[in-house]
Structures are given as structure tokens and as C-alpha cells.
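Inside the fold
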Amino acid sequence: RKEVEQDPGPFNVPEGATVAFNCTYSNSASQSFFWYRQDCRKEPKLLMSVYSSGNEDGRFTAQLNRASQYISLLIRDSKLSDSATYLCVVAPNTGNQFYFGTGTSLTVIP
Amino acid sequence: DVKVTQSSRYLVKRTGEKVFLECVQDMDHENMFWYRQDPGLGLRLIYFSYDVKMKEKGDIPEGYSVSREKKERFSLILESASTNQTSMYLCASTLGGNYQPQHFGDGTRLSIL
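Note that residues are indexed from 1 along each chain, following the sequence as it is written. All chains are assigned letters beginning at A, and all ligands numbers beginning at 1, according to the order in which they are written. Confidence filtering applies because this is a predicted model: local features only for residues at pLDDT of at least 70, side-chain atom pairs given and counted only at 80 or more, and all residues used for totals across whole chains, interfaces and linings. Values reported for side chains reflect all heavy atoms of the structure, with hydrogen atoms and water molecules removed beforehand.

**Digging into empty space enclosed by the protein**
In this approach a probe as big as a water molecule rolls over the atoms, and the regions it shows empty are the leftover space. Inclusion rule: For cavity detection a 1 Å grid was placed over the protein atoms alone, and a set of points counts as a cavity when a 1.4 Å probe fits there but cannot get out; an open set counts as a pocket when protein lies on both sides within 12 Å along at least five of seven lines, with lining residues being those that have an atom within 4 Å of a point. Grid points are joined across faces, edges and corners, and a volume is the space filled by probe spheres set on the points. Side-chain classes are defined by residue name, with Ala, Val, Leu, Ile, Met, Phe, Trp, Tyr, Cys and Pro counting as nonpolar, Asp, Glu, Lys and Arg as charged, and the others, Gly among them, as polar.
Under the counting rule described, the total for this entry stands at one cavity of 30 Å³ or more. Of the voids in this model, the largest cavity is the one considered here, and its volume is about 30 Å³. Forming the walls of the largest cavity are Arg41(A), Arg9(B), Tyr10(B), Met88(B), Asp106(B), Gly107(B), Thr108(B) and Arg109(B). Looking at the lining of the largest cavity, its residues break down into two nonpolar, two polar and four charged.

**Thoughts on the layout of surface pockets**
Rules: Numbering of helices and strands runs from the N terminus, with a helix taken as a DSSP run of H or I at least four residues long and a strand as a DSSP run of E at least two residues long.
In this model, the largest pocket occupies a volume close to 510 Å³. Lining the largest pocket are 23 residues, with Gln38(A), Arg41(A), Gln37(B), Asp38(B) and Pro39(B) positioned closest to its centre. Secondary structure elements with two or more residues in the lining of the largest pocket: β9 (84-91) of chain A together with β4 (31-38), β9 (87-94) and β11 (108-112) of chain B. In terms of residue count, β11(B) provides more of the lining of the largest pocket than any other element does, three residues in total. Taken together, the residues that form the lining of the largest pocket break down as seven nonpolar, 11 polar and five charged.

**Describing the interface of chain B and chain A**
Let me state the cut-off plainly: Note on contacts: a residue pair is in contact if any heavy atoms of the two residues lie within 4.5 Å. Salt bridges are identified by distance alone: a Lys or Arg side-chain nitrogen within 4 Å of an Asp or Glu carboxyl oxygen. N or O atoms closer than or at 3.5 Å make up a polar contact, with two conditions inside protein: a donor-capable atom paired with an acceptor-capable one, and, for residues adjacent in sequence, both atoms drawn from side chains.
Counting residues at the interface gives 26 residues for chain B, matched by 20 residues for chain A. Scanning the region where chain B abuts chain A turns up zero salt bridges. Where chain B meets chain A, there are two residue pairs in polar contact (both at pLDDT 80 or more). If you list the elements that add at least two residues to the side of chain B that touches chain A, you get β4, β5 (42-51) and β9 of chain B. Among the elements that take part in the side of chain B that touches chain A, β5(B) stands out by supplying five residues, more than any other. Split into classes, the residues belonging to the side of chain B that touches chain A amount to 13 nonpolar, 10 polar and three charged.

**Details of the side chain of Ser87(B)**
All names here are of chain B. Looking at the secondary structure, you find serine 87 in strand β9. A polar atom in the side chain of serine 87 sits 3.4 Å from the side chain of arginine 36. At 2.8 Å, the side chain of serine 87 and the side chain of aspartate 38 are in polar contact. Beyond its immediate chain neighbours, meaning those up to four positions away, serine 87 contacts Arg36, Gln37, Asp38, Thr108, Arg109 and Leu110.

**Topic: the sheet that holds strand β8 (residues 70-75) of chain A**
Residue and element names in this part refer to chain A. Note the following rule: A strand pair is defined by DSSP finding two or more bridges across the two strands. For every element, the axis is a line fit to its C-alpha atoms; helices are fit only across the contacting stretch, and the angle between N-to-C directions ranges from 0 to 180 degrees.
Overall, antiparallel pairing links the five strands, which are arranged β1-β3-β8-β7-β6 in an open sheet. Single-partner strands in this sheet number two, and they are β1 (4-6) and β6 (55-57). When strand polarity is set aside, the average angle formed by the axes of neighbouring strands in this sheet is 20°. Bridge count between strand β3 (residues 19-25) and β8: six bridges; the pairing is antiparallel. Across the sheet, residue threonine 24 finds its bridge partner in β8, namely tyrosine 70.

**Regarding the pairing of β9(B)**
Both faces of the sheet carry side chains from a regular strand, because those side chains alternate between them. Residues and elements named next belong to chain B. Note the threshold: Three labels apply to residues, based on accessible area from a 1.4 Å probe with only protein chains included: buried if under 20% of the type maximum, exposed if over 50%, partly exposed otherwise in between.
β9 sits mainly inside the fold: eight of its eight residues count as buried. By the alternation rule, side chains of β9 split into Ser87, Tyr89, Cys91 and Ser93 and Met88, Leu90, Ala92 and Thr94, which are all buried. As paired elements, β4 and β9 share seven bridges and run antiparallel to each other. Following the sheet pairing, arginine 36 is matched in β9 by tyrosine 89. As paired strands, β9 and β11 are joined by three bridges and run antiparallel to one another.

Everything listed is a geometric property; what it means functionally is a separate question.
Right under this line is the structure:
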């Protein structure tokens with residue numbers, strides 16, 4: 001079983017829509033969670049860390065559900081510039097490794 | 001802001017050549033990582049280093065080696081390049097442990113002919 005799994009999509013949504021992605025992880029001892037954004041042929045860039053209490057940054061909200069072992073990313077009022085691949089990243093409570101999902105592709109349509 | 005710099009954005013080499021990819025970070029980060037990214041496979045860890053001269057194999061170390069002689073620099077070496085090593089290579093660093101996010105370089109798109 002993979003450490004981290006994401007629905008690859010693609011998600012095609014109109015401008016202004018709300019879209020949500022989920023990411024499941026297999027190691028219940030995981031302690032750190034992140035969402036990255038990756039544009040085509042570019043490097044991943046940190047979008048936000050995910051905290052146990054959930055966190056919000058403008059139009060973006062991240063949630064952690066430890067009982068069901070998933071994290072989510074909600075994007076409200078989608079913009080054309082939100083079109084990208086979104087990667088979830090999970091790290092266990094020991095060691096130095098990070099585990100990446102394969103990414104979810106989002107296209108926001110005018 | 002953390003700056004992670006990879007030596008080349010695009011590189012074309014021939015089969016059998018020895019290839020060096022360099023990565024430098026400017027934030028005194030303890031941990032550095034090399035990944036490759038291929039369509040449908042996501043990021044796969046090749047090697048990481050948690051201190052100078054220390055290294056750990058990742059998931060796909062075969063055909064690669066690394067060097068970390070100074071804290072700020074982490075080099076990836078393809079001992080004898082092969083066509084199946086054509087990929088996007090990404091370097092990342094983090095302060096220490098895995099509770100801090102990774103910061104990535106721009107990536108090197110390597111083609112082996």
C-alpha cells in the first residue's frame with residue numbers, strides 16, 4: 001500500500017467554484033502534513049502546512065482528520081491562476097523522510 | 001526566504017557519461033534531499049543527507065551517488081548515465097527533522113541521449 005494516495009483528477013471547474021481535494025495516508029503515526037502547488041515544468045512550492053486544528057489562508061483551507069487518516073484542501077472562489085497540480089506531503093514522527101502523493105490536477109475554466 | 005539553487009535548469013548528456021548535478025542552499029539547513037519526478041510516478045527519493053558527509057539511501061538509489069562535503073552543498077552524481085535516467089531532478093532542503101516543510105530548487109530537466 002502506498003504511503004500517500006491522491007485522486008489524480010483532473011478536476012476541471014469554472015471560475016468562482018469551490019473545489020476540494022482529499023489525500024489519504026497509511027501511517028497512523030504521521031505527524032506533519034503539507035500541501036504544495038506545482039505548476040507545469042516547475043518545482044513544487046509550499047502552499048500551506050496542515051495543523052491539527054485546521055488552518056486557513058485566504059481562499060484556501062486545510063483540514064486534518066486523524067481518525068480517518070486524511071487531509072483535505074478546500075479552494076473557494078477559484079481563479080484561473082489556481083490551475084496547477086496540488087501535492088500532499090506526509091511525514092512520520094520519526095526519521096527525516098517525507099512522502100509525496102502523485103498530485104491532483106486542477107484546471108480552472110473561464 | 002530560503003533559496004535553493006540548482007546548477008542547471010536543462011542538461012543534455014550522452015549515455016555512459018558521468019553527470020554531476022549541484023545543489024546549494026543558503027539557510028544553513030541540516031537536511032538535503034534529491035528526488036526525481038516522472039509523469040505518473042510523482043516524486044521519488046534518491047538520496048538524502050542529514051549532515052555533512054552523512055547520507056542515506058532513498059527509494060531508488062541505484063545508479064546514483066551523492067556527496068556532501070559542505071553543509072550548504074549537496075551533489076548528485078550519475079556514475080554512468082543511462083537513458084532511463086532522463087527525468088526532472090529536484091533538490092530540496094529543510095531545517096531539521098521532518099516537521100518543517102521542504103524548500104525546493106528550480107529543478108534540472110536532464111535528458112540522456
